[in-house]
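Breakdown of the fold
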Amino acid sequence: MTSTPTLAALPPLSQSPYSNPPFASSDEYDKYLNSISPPRELVCPITQEVLYDPVVAEDGYTYERKSLLRWFSMGRTRSPVTNSIMTGRNVFPNLAVQGIARAHRERLGTELLHRCHHICDTGGCEDNGSRIAALLDSGADITLRHPESGDTALLMLIRAREIDLCKLMLQNELHHTESVLVTLQNSVGETCVGLAEDIFRNESGRQKKEWEDLLILLKKKMEMEERNVEEREGQRRRNNEEHRERQRTLAETERANGPNAMFGVNHRGLGQMQDHGWGYFPSLAALQFQGAIPPPSASIAEYEEKAKKHLNRILYTVGIIALIIFLFT
């Protein structure tokens, strides 16, 4: 199961700054929006949403990977920002922006979890969900979980029976196909779908119909998450198969050209002289990075094992001869 980050202990409700009173004026609401809005550098110029997988294009601007690739797939060759013609479609990950965007989402996700925790424990949301909606629009990470109960913000809202806020959160996440939310379990094994079904069975009348609509959204999101897990597993299997095929090709090349041809080993079993080392011993820099070298293929490992056994027999024989000479002289 995909792991999600947890938070530090939540403050007591009596001391919590995360209550949700109504905004006194539109200026107060605008001030709150400005405090949580992402910087322009973290927003994709195409989708106008916080970046998840940012890449740099030929025009020097950063975009969401899927959005930019979709832009190219529609036959567009001009920059979405400058309208200048881009001769290439190569993109490169922007790891610096990705880290800053992740920190922004987690900061808002922490506030979202605190506010949902307050709603769950007090049983009400005085601002009619204005702050929750603003946090979601600003890119809050809704997969954060309570450090003790393991509840997500969505699970807390279901428990608080805030159906409208639950629907708002789900609709916000339906286009984030890679996020894992509905299938997450808390510390006692509850899921969003399971808890909603328990409440649905005990409701009646209009409330029952509203919970039925919510269950439809929950199960739709659950199916998306399960399908994405299967796709990721399939991609992982394909990548592993491609890696094994490359190893088989290398092994066949090694068998055709001799076991030493690929590694520059001469007929005496010694490696090539190091440019910055002494004799046949590697340099200190080479030893420092030795741990990063991947293990050899199965055929190479088998050859190395045979060579080690042969060397051990030679050393053992030499040792016995030396011992005999020592004892009889």
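As shown above, the structure is provided for reference.
Residues numbered from 1 in each chain as written. Predicted model: local features only at pLDDT ≥ 70, side-chain atom pairs only at ≥ 80, totals over all residues. Heavy atoms only, no water.

1. Regarding the sheet that holds strand E2 (residues 62-64)
For clarity, the threshold we go by: Pairing between two strands requires that DSSP report at least two bridges joining them. Labels follow the DSSP assignment, with helices taken as runs of H or I lasting at least four residues and strands as runs of E lasting at least two, numbered in each case from the N terminus. A contact between two residues is defined here by any heavy atoms of the two lying within 4.5 Å. Note on geometry: axes are lines fitted to C-alpha atoms, helical ones only across the stretch in contact, with angles between N-to-C directions running from 0 to 180 degrees.
Read from one edge of the open sheet, three strands run E2-E1-E3, paired in antiparallel fashion. Only two strands of the sheet have a single neighbouring strand rather than two, namely E2 and strand E3 (92-93). By the bridge criterion, three bridges tie strand E1 (residues 54-56) to E2 in an arrangement that is antiparallel. Counterpart to Pro 54 in the pairing with E2 is Glu 64. Sheet strands touched by helix H2 (residues 65-73): E1, E2 and E3. Its angle to E2, the strand with the most contacts, is close to 90°.

2. Concerning a nonpolar patch on the surface
Cut-off, in case you're wondering: Residues enter patches when they are more than 30% accessible in relative terms and free of salt bridges; like-charged ones are connected within 9 Å and nonpolar ones (Val, Leu, Ile, Met, Phe, Trp, Tyr) within 5 Å. The accessible surface values rely on the Shrake-Rupley method and a 1.4 Å probe; as for residues, cover is taken only from the protein chains in view. We define a salt bridge as a contact between a side-chain nitrogen of Lys or Arg and a carboxyl oxygen of Asp or Glu at a distance within 4 Å.
On the surface, Tyr 316, Ile 320, Leu 323, Ile 324, Phe 326, Leu 327 and Phe 328 cluster together into a nonpolar patch covering about 840 Å² of accessible area. Mapping Tyr 316 onto the fold places it in helix H10 (residues 298-327).

3. Observations regarding the packing of helix H1 (residues 26-36) against helix H4 (residues 130-137)
Cut-off, in case you're wondering: A clockwise turn of the near helix away from the far one marks a right-handed crossing, whereas an anticlockwise turn of less than a right angle marks a left-handed crossing. Any residue that is not Ala, Val, Leu, Ile, Met, Phe, Trp, Tyr, Cys, Pro, Asp, Glu, Lys or Arg is counted as polar, Gly included; the first ten are nonpolar and the last four charged.
Where H1 contacts H4, the two axes come as close as 10 Å, and the packing angle between them is 35°. When the axes of H1 and H4 are compared, the crossing they make is right-handed. From H1, Glu 28, Tyr 29, Tyr 32, Leu 33 and Ile 36 reach across to H4, where they touch Ser 130, Arg 131, Ala 134 and Leu 135. A breakdown of the residues in the contact of H1 with H4 according to their chemical character gives six nonpolar, one polar and two charged.

4. Overview of a negative patch on the surface
How we decide: Think of it this way: Lys and Arg go in the positive column, Asp and Glu in the negative one, and His and the chain ends go nowhere. One atom stands in for each charge, and that atom is NZ of Lys, CZ of Arg, CG of Asp or CD of Glu. In this scheme, a residue with accessible area under 20% of its type's maximum is buried, one over 50% is exposed, and one in between is partly exposed, where area comes from a 1.4 Å probe on protein chains only.
A contiguous patch of negative charge on the surface is contributed by Glu 223, Glu 226, Glu 230 and Glu 231. With respect to the helices, strands and loops of the structure, Glu 223 is situated in helix H8 (residues 205-257). Classification of Glu 223 by relative accessible area gives partly exposed; the value is 47%.

5. Some points on the side chain of Glu 111
As for its position among the elements, Glu 111 is in helix H3 (residues 95-122). Apart from the residues lying within four places of it in its own chain, the contact partners of Glu 111 are Tyr 18, Tyr 32, Ile 36 and Leu 135.

6. Some details on unusual backbone geometry
In the Ramachandran plot, Asn 83 falls in the positive-phi region, its phi being about 65° despite a non-glycine side chain. Look at Asn 128: it is not a glycine, yet its phi comes out positive at around 60°. With respect to the element layout, Asn 128 can be found in the loop between H3 and H4. Classification of Asn 128 as exposed rests on a relative accessible area of 71%.

7. Quick word on the nonpolar core
Condition: Definition of nonpolar core: a set of buried residues of the types Ala, Val, Leu, Ile, Met, Phe, Trp, Tyr and Cys, connected through side-chain atoms within 4.5 Å.
Residues Leu 112, Leu 154, Ile 158, Met 169 and Leu 218 are the most contacted members of the largest nonpolar core, which totals 39 residues. For this core, the elements supplying multiple residues, two or more each, are H1, H3, H4, helix H5 (153-159), helix H6 (163-173), helix H7 (192-201) and H8. No other element matches the six residues that H5 contributes to this core. Not counting residues up to four positions away in its chain, the partners in contact with Leu 112 are Ile 132, Leu 135, Leu 136, Ala 140, Ile 142, Ala 153 and Met 169. Grouped together as the second largest cluster of nonpolar side chains are 14 residues, Cys 44, Ala 57, Leu 68 and Val 97 included.

8. Quick word on H4
Because an α-helix completes one turn every 3.6 residues, residues spaced three or four positions apart along the sequence face the same direction. The set of residues buried in H4 consists of Arg 131, Ile 132, Ala 134, Leu 135 and Leu 136. Looking at the packing, one finds that the buried side of H4 touches H1, H3 and H6. One or two positions beyond H4, positive phi appears at Gly 139, with a value near 95°.

9. Description of the packing of H6 against H8
Packed helix pairs are specified by the crossing angle of their axes together with the interaxial distance, meaning the distance between the axes. The condition is simple: An angle below 35 degrees is treated as roughly parallel, one above 145 as roughly antiparallel, one from 65 to 115 as roughly perpendicular, and anything else as oblique.
Running from N to C, H6 and H8 point in directions that differ by 20°, and their axes come no closer than 10 Å. Put simply, H6 runs roughly parallel to H8. Here H6 and H8 pass one another in a crossing that is left-handed. Between H6 and H8, the contacting residues are Ile 163, Cys 166, Lys 167, Leu 170, Gln 171 and Glu 173 on the first element and Gln 207, Glu 210, Trp 211, Asp 213, Leu 214, Leu 217, Leu 218 and Lys 221 on the second.

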